[in-house]
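# Notes for the structure review
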Amino acid sequence: MKVAITSTGNNLESTIDQRFGRCAYFVVYDTENKAMEFIPNPNKDVEEGAGPASVQLVASRNVNKIVSGEFGMKIKPLLDSLKIQMIVLKEPEKKIKDIIEMLNHRN
């Protein structure tokens, strides 16, 4: 299963980015083969439509779940239609490596 995590940086010590559409990076993590990819978010500075454009970006990576601090109101129906689960994690200090460890223990 592939999970996208919003991240403030491009390494495992970075923390979760509280913003979905305007996060700095997406980490796409595959729970089966433990592969991960850090993707710079090209939508972080656009004036409008950052959320839907970010949904398209992560959906193109075939993710099943997205972990972020918060999601905009327009995002839920989009993700529902794509059958992508939202996981809201209200812990801004949580590191990417800790989230990955948490995901590994769920399986």
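Residues numbered from 1 in each chain as written. Predicted model: local features only at pLDDT ≥ 70, side-chain atom pairs only at ≥ 80, totals over all residues. Heavy atoms only, no water.

## Comments concerning the nonpolar core
Most often, soluble globular proteins keep nonpolar side chains buried together rather than apart. Within the largest apolar cluster, 15 residues are counted, with the highest numbers of intra-cluster contacts made by Phe20, Phe26, Val58, Val63, Ile66 and Leu79. Residue assignment for this core shows that the elements contributing at least two residues are β2 (25-30), α1 (50-59) and α2 (75-81). Counting residues per element, this core draws most heavily on α1, which supplies three residues. Those residues in contact with Phe26 that sit more than four places away from it in its chain are Ile5, Thr6, Phe20, Glu37, Phe38, Ile39, Asn41, Ser54, Leu57 and Val58. (Core = buried A, V, L, I, M, F, W, Y, C linked by side-chain atoms within 4.5 Å. Buried < 20%, exposed > 50% of the residue type's maximum accessible area, 1.4 Å probe, protein only. Helix = DSSP H or I, 4+ residues; strand = E, 2+ residues; numbered from the N terminus. Contact = heavy atoms within 4.5 Å.)

## A short note on the packing of aromatic side chains
Per the stated rule, a full pass over the model turns up two aromatic pairs. Aromatic rings pair up to connect Phe20, Phe26 and Phe71 into one cluster. (Phe/Tyr/Trp six-rings, centres within 6.5 Å; stacked < 30°, edge-to-face > 60°.)

## Description of the sheet that holds β2
Whenever strands of a sheet pair, they do so through backbone hydrogen bonds, lying parallel or antiparallel. Read from one edge of the open sheet, five strands run β3-β2-β1-β4-β5, paired in mixed fashion. Two strands in the sheet have a free side with no partner beyond their single neighbour: β3 (36-40) and β5 (85-88). Across the sheet, the axes of successive neighbouring strands diverge by a mean angle of 20°, strand direction being ignored. Most of the contacts of α1 go to β2, to which it runs at about 30°, and overall it touches β1 (2-7), β2, β3 and β4 (65-68). (Pairing = 2+ DSSP bridges. Axes fitted to C-alpha atoms, helices over the stretch in contact; angles between N-to-C directions.)

## A short note on unusual backbone geometry
Within the chain, Lys34 stands out as a residue other than glycine whose phi angle is a positive 65°. Mapped onto the fold, Lys34 is located in the loop between β2 and β3. In the Ramachandran plot, Asn62 falls in the positive-phi region, its phi being about 60° despite a non-glycine side chain. With respect to the helices and strands, the residue Asn62 is situated in the loop between α1 and β4. Here Asn62 falls in the exposed class, since its relative accessible area comes to 57%.

## Here's the deal with the pattern of salt bridges
Scanning all chains against the criterion turns up eight salt bridges. Where Lys97 meets Glu13, a salt bridge forms, and the shortest distance between an N and an O atom there is 2.9 Å. Residue Lys97 is found in helix α3 (residues 96-106), and its partner Glu13 is found in the loop between β1 and β2; the two are separated by 84 residues along the sequence. Looking at Lys97, the relative accessible area reads 35%, which means it is partly exposed. Put simply, Asp80 and Lys76 hold a salt bridge, and the shortest N to O gap is 3.0 Å. (Salt bridge = Lys/Arg side-chain N within 4 Å of Asp/Glu carboxyl O.)

## Here's the deal with α1
Side chains three or four residues apart in an α-helix point the same way, a direct result of the helix having 3.6 residues per turn. Three or more residues of α1 are buried, namely Ala50, Gly51, Ser54, Val55, Leu57 and Val58. Down the axis, α1 shows its buried residues gathered within 160° of arc, on one side only. Against the buried residues of α1 lie β1, β2, β3, β4 and α2. (Arc of directions from axis to C-beta.)

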